[in-house]
Amino acid sequence: MSAATASKDVAKGSGIYSKAGSLSSERRWALWTAYASLILATIIFLAPPVYMFITSLKGSAEIANMQGNPWLVRNPTAENYTALLGNTMFLRFFLNSFIITGLVVLITMVISVLAAFALARMRFFGSQFLATGVFLTYLVPDTLLFIPLYQIVGGLGLLNSIWGLVLVYPTLTVPFCTWIMIGYFASIPKELDEAALIDGANWMQMLTKIFIPVAMPGIIAATIFAFTVSWAAFVYPTAFVTTPDQMPLTIGIVSQLVRADTFAWGQIMAGALLAALPPVVIYAFLMDYYIAGLTAGATKG
Amino acid sequence: MAQVSLRKIVKMYEGDVQAVKGIDLEIEDHEFVVLVGPSGCGKSTTLRMIAGLEEISSGDIAIGGTVVNDIPPRDRDIAMVFQNYALYPHMSVFDNMAFGLTLRKFPKAEIKRRVDEAARILDITPLLDRKPKALSGGQRQRVAMGRAIVRDPKVFLFDEPLSNLDAKLRVQMRTEIKKVHQTVRTTTVYVTHDQVEAMTLADRVVVMNQGLIEQVGPPQELYHHPATRFVAGFIGSPAMNFLPARVENGAVHLPGGAVLPIPEARRARYAGAPGMDLLFGIRPEHLTDHRPGLPNRADITITPEVIEPMGMETLAHFHLGEARDCCARLEPTVLAEPNVPIVLSADMNNMHLLDAKSGRVL
Ligand SMILES: Nc1ncnc2c1ncn2[C@@H]1O[C@H](COP(=O)(O)OP(=O)(O)O)[C@@H](O)[C@H]1O
Ligand SMILES: [Mg+2]
């Protein structure tokens, strides 16, 4: 930076062109670096889904055929998709995932918005400590928790049931969502509540009429997080669910489309792609809000 | 509308910070009272206790004759305007102003009538559909005032409402606030650290210092008859000059040998002064260029360090003995120059003598 300004000062006498030239070459270099790294990242991230897509369009014979380039499709077919969509079990997985995720997102948002509001605004004994505690629980990984949770879920008679999952997933989503919402609510100026208080609002009205609308980007970010975590959860359903009729997509696909050591690769790929669709759709819809949410959260710890 | 009474109000914050140390104040119906004082003197705390946003550690606050100590803000029938406006960012200007009425379940037509009326008074009718972020600072301030006006409360509370505006707009909005008060006549408590704002707006000014009230009175009275050194130095700009002094033989003796005779009419008042350590207090406007023939004038010779021509007047800065940063206001026609001694004339009818120890004005 200082070098650039210095060279600008030196170049002052020698006309506008040399200045523009040096600036644009600097800019071009920056652009090249940016493009190169972006392309590299894109390839790394997109190669697996593209390969999945290609494979999902092949018949079993073509997949098993080791000759030729595996990135090319010779006889494209939709048979994997039609087989899956005609398979009531697969549709059941989809429905289960939707029920679980919908309920988990709802439960998560209700709990975390209320908890965050209380922790951010109502100064009560231990509120600071609690706020930190909430975050610490998020740091405990689910691979550590599933064994004790198995006991709890078993004790409640909810093993092998989507309701058990609905109960358990919020332990993954609530702490982080609460944390996001505390940050959001804390960034709302204190005078706003005081104005609302004087205007005649009670705590509930303050939450619903001021805090929730003002913190909408944060709520959307938290919703997307809860949706993604719940949709993609793998460890808990693997541990708690045993029969196909209660399985969500994540484990349904791998457990039911793999028979002993027969892998229905085409269907697995097609199923995985279909399973990835809802999050993609949700992201696409809420992307603008989500990004606004992420950056606003970033400036306010 | 109502009067507001503060009786022995104390506020202790956690950690034993005593922000307000027992103040008594009676505010009349329709009155515009300004709390003024340096930053941290407890003005906001006092205002927030009236609003019910801070608990009162001890003492009583009554609004309209009812003690409100345990009444929550929403039931005190007050409206407050904040320094940072505190507009609801997701609501239109109309909804911002209507919010309090909506929560109180006023009929739609009544809400619209009141908001339109307030918008007309404040000249913001064309802005009613906008969101706060599409408004300038001055417009936001008007909306914040509108939000207070529509409620037609017993008391308006303002906490430094103009401090976020630039100087020119501040002067304009000051006039605006005064105009609004003359229209709606609501009892008003206004907090500012700016003594000019206090002087221009107030029916009565309350000067606060370190959690206590120094003096209460109409602006002119505070200006001409300050009770303490703090008030004397705080009110007026440039500030009053204070010079160490003694009184002997009916005259004030200043460092450097100047002897200023005390006017006949004021002698009795200073009967006890001889022998005390005193401060001679005089405002720059009462320390002017030499004008022969005026009664009750006394001459002091000083050497200006800096001359500041302001157009309608010229300020001369000087020091006299240990008293630094002294200032005199000269006619613009006077040709004063730095480091050239000049004879000034002190208006002895408008001087003050203060007890150097207690700071009391004699
Ligand atoms: N919430 C608080 N907790 C502890 N001390 C506070 C709090 N608010 C204000 N104070 C202290 O109380 C004193 C008065 O503050 P305040 O009323 O805001 O002053 P002013 O408005 O006159 O500038 C200051 O010393 C301030 O530091
Ligand atoms: Mg203040």
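Just so it is clear, the model here is predicted, and its values are computed rather than measured.

Let us look at the pattern of salt bridges. Counted according to the given criterion, the structure contains 18 salt bridges over all chains. For the salt bridge of Lys-11 of chain B with Glu-54 of chain B, the shortest nitrogen-to-oxygen distance reads 3.7 Å. Taken together, the residues Lys-11 of chain B in strand S1 (residues 4-13) and Glu-54 of chain B in the loop between helix H1 (43-51) and strand S4 (58-63) connect sequence positions 43 residues apart. A single burial state applies to Lys-11 of chain B and to Glu-54 of chain B, both of which are buried. The partner of Arg-246 of chain B in a salt bridge is Glu-248 of chain B, with the nearest N and O atoms 2.2 Å apart. Members of the salt-bridge network, linked through shared partners, are Glu-194 of chain A together with Lys-11, Arg-48 and Glu-54 of chain B.

Let us look at the UniProt feature "transmembrane region" (unreviewed entry) in chain A. All names here are of chain A. Cross-referencing UniProt, the feature "transmembrane region" (unreviewed entry) maps to residues 29-54, 93-117, 129-150, 162-186, 207-234 and 264-286 in the present numbering. Between the first and last C-alpha atoms of residues 29-54 the distance is 35 Å; the span itself is 100% helix and 0% strand. A distance of 28 Å separates the end C-alpha atoms of residues 129-150, which is 91% helix and 0% strand.

On the side of chain B, 22 residues touch chain A, which itself brings 17 residues to the contact. When the area that chain A buries against chain B is broken down by residue, the three leading residues are Glu-194, Ile-198 and Asp-199 of chain A, summing to 40%. Its salt-bridge partner being Glu-194 of chain A, residue Arg-48 of chain B comes within 2.7 Å of it at the nearest N-O pair. At the junction of chain A and chain B, the tally comes to nine residue pairs in polar contact (both at pLDDT 80 or more).

What follows is about the domain arrangement of chain B. Residue and element names in this part refer to chain B. Annotation of chain B at the domain level lists domain 1 (4-233) and domain 2 (238-355). Each of domain 1 and domain 2 has a C-alpha centre, and the two are 39 Å apart. Facing eight residues of domain 1, the contacting portion of domain 2 comprises nine residues. In this assembly, domain 1 packs against domain 2 so that about 720 Å² is buried in total across both faces, 53% of it on carbon and sulfur atoms.

This brings us to helix H4 (residues 137-150) of chain B. Taking 1.5 Å per residue, 14 residues should reach 20 Å; H4 of chain B reaches 20 Å between its end C-alpha atoms and fits that length. Burial of H4 of chain B is extensive: 11 of the 14 residues sit out of reach of the surface. Three or more residues of H4 of chain B are buried, namely Gly-138, Gln-141, Arg-142, Val-143, Ala-144, Met-145, Gly-146, Arg-147, Ala-148, Ile-149 and Val-150 of chain B. Tucked inside the fold, the buried residues of H4 of chain B contact helix H10 (190-199) of chain A together with strand S6 (78-81), helix H2 (93-103), helix H3 (108-122), strand S7 (155-159) and helix H5 (167-184) of chain B. Positive backbone phi, approximately 45°, marks Asp-152 of chain B, located one or two places after H4 of chain B.

Turning to the confidence of the model for chain A, a few remarks are in order. All names here are of chain A. Mean pLDDT for chain A: 84, with 88% of residues reaching 70 or above. Element-level mean pLDDT values for chain A span from 43 in helix H1 (residues 2-11) up to 93 in helix H5 (residues 88-121). Counting contacts from residues 296-301, a segment whose pLDDT is below 50, to residues more than four positions away or on other chains yields five contacts.

A few words now on the packing of aromatic side chains. Working definition: an aromatic ring pair is given by the centre-to-centre distance plus the angle between the planes. Within the structure shown, the criterion is met by 22 aromatic pairs over all chains. Geometrically, the ring pair formed by Phe-32 of chain B and Tyr-190 of chain B is tilted, given 5.7 Å between the ring centres and 40° between the ring planes. Of this pair, Phe-32 of chain B sits in strand S3 (residues 32-36) while Tyr-190 of chain B is found in strand S8 (residues 187-192), placing the two residues 158 residues apart along the sequence. Comparing Phe-32 of chain B with Tyr-190 of chain B shows no difference in burial state: the two are buried. Following the ring pairs from residue to residue traces out a cluster consisting of Phe-90, Phe-94, Phe-98, Phe-227 and Trp-231 of chain A. Lying across the ring of Tyr-223 of chain B, Arg-283 of chain B places its NZ or CZ 4.1 Å from the centre.

Okay, the domain arrangement of chain A next. Residue and element names in this part refer to chain A. Examined at the domain level, chain A breaks down into domain 1 (3-56) and domain 2 (80-299). Taken residue by residue, the interface counts five residues in domain 1 and seven residues in domain 2. Both sides together, the interface formed by domain 1 and domain 2 hides about 500 Å², and carbon and sulfur atoms give 75% of it. Here domain 1 and domain 2 share zero salt bridges between them. On the surface where domain 1 and domain 2 come into contact, there are two residue pairs in polar contact (both at pLDDT 80 or more). Of the residues that constitute the side of domain 1 that touches domain 2, the class distribution is three nonpolar, two polar and no charged.

What follows concerns the environment of Val-189 of chain B. Residues and elements named next belong to chain B. Mapped onto the elements of the fold, Val-189 is located in strand S8. In the structure, Val-189 is positioned 154 residues away from Leu-35 in sequence and 7.3 Å away in space, judged by C-alpha atoms. Excluding residues that lie within four positions of it along the chain, Val-189 makes contacts with Ile-27, Val-33, Leu-35, Leu-47, Ile-50, Val-155, Phe-156, Leu-157 and Phe-158.

Criteria and cut-off values
Residues numbered from 1 in each chain as written. Chains lettered and ligands numbered in written order. Predicted model: local features only at pLDDT ≥ 70, side-chain atom pairs only at ≥ 80, totals over all residues. Heavy atoms only, no water. Salt bridge = Lys/Arg side-chain N within 4 Å of Asp/Glu carboxyl O. Helix = DSSP H or I, 4+ residues; strand = E, 2+ residues; numbered from the N terminus. Buried < 20%, exposed > 50% of the residue type's maximum accessible area, 1.4 Å probe, protein only. UniProt positions renumbered as here; feature names shortened; annotations may be inferred. Contact = heavy atoms within 4.5 Å. Buried area = accessible area lost by both parts, 1.4 Å probe. Polar contact = N/O pair within 3.5 Å; in protein donor to acceptor, adjacent residues only side chain to side chain. Domains from an automatic or database assignment. Expected span 1.5 Å × (residues − 1). pLDDT = per-residue confidence, 0-100. Phe/Tyr/Trp six-rings, centres within 6.5 Å; stacked < 30°, edge-to-face > 60°. Lys NZ or Arg CZ within 6 Å of the ring centre and 35° of its normal. Nonpolar A, V, L, I, M, F, W, Y, C, P; charged D, E, K, R; others polar.

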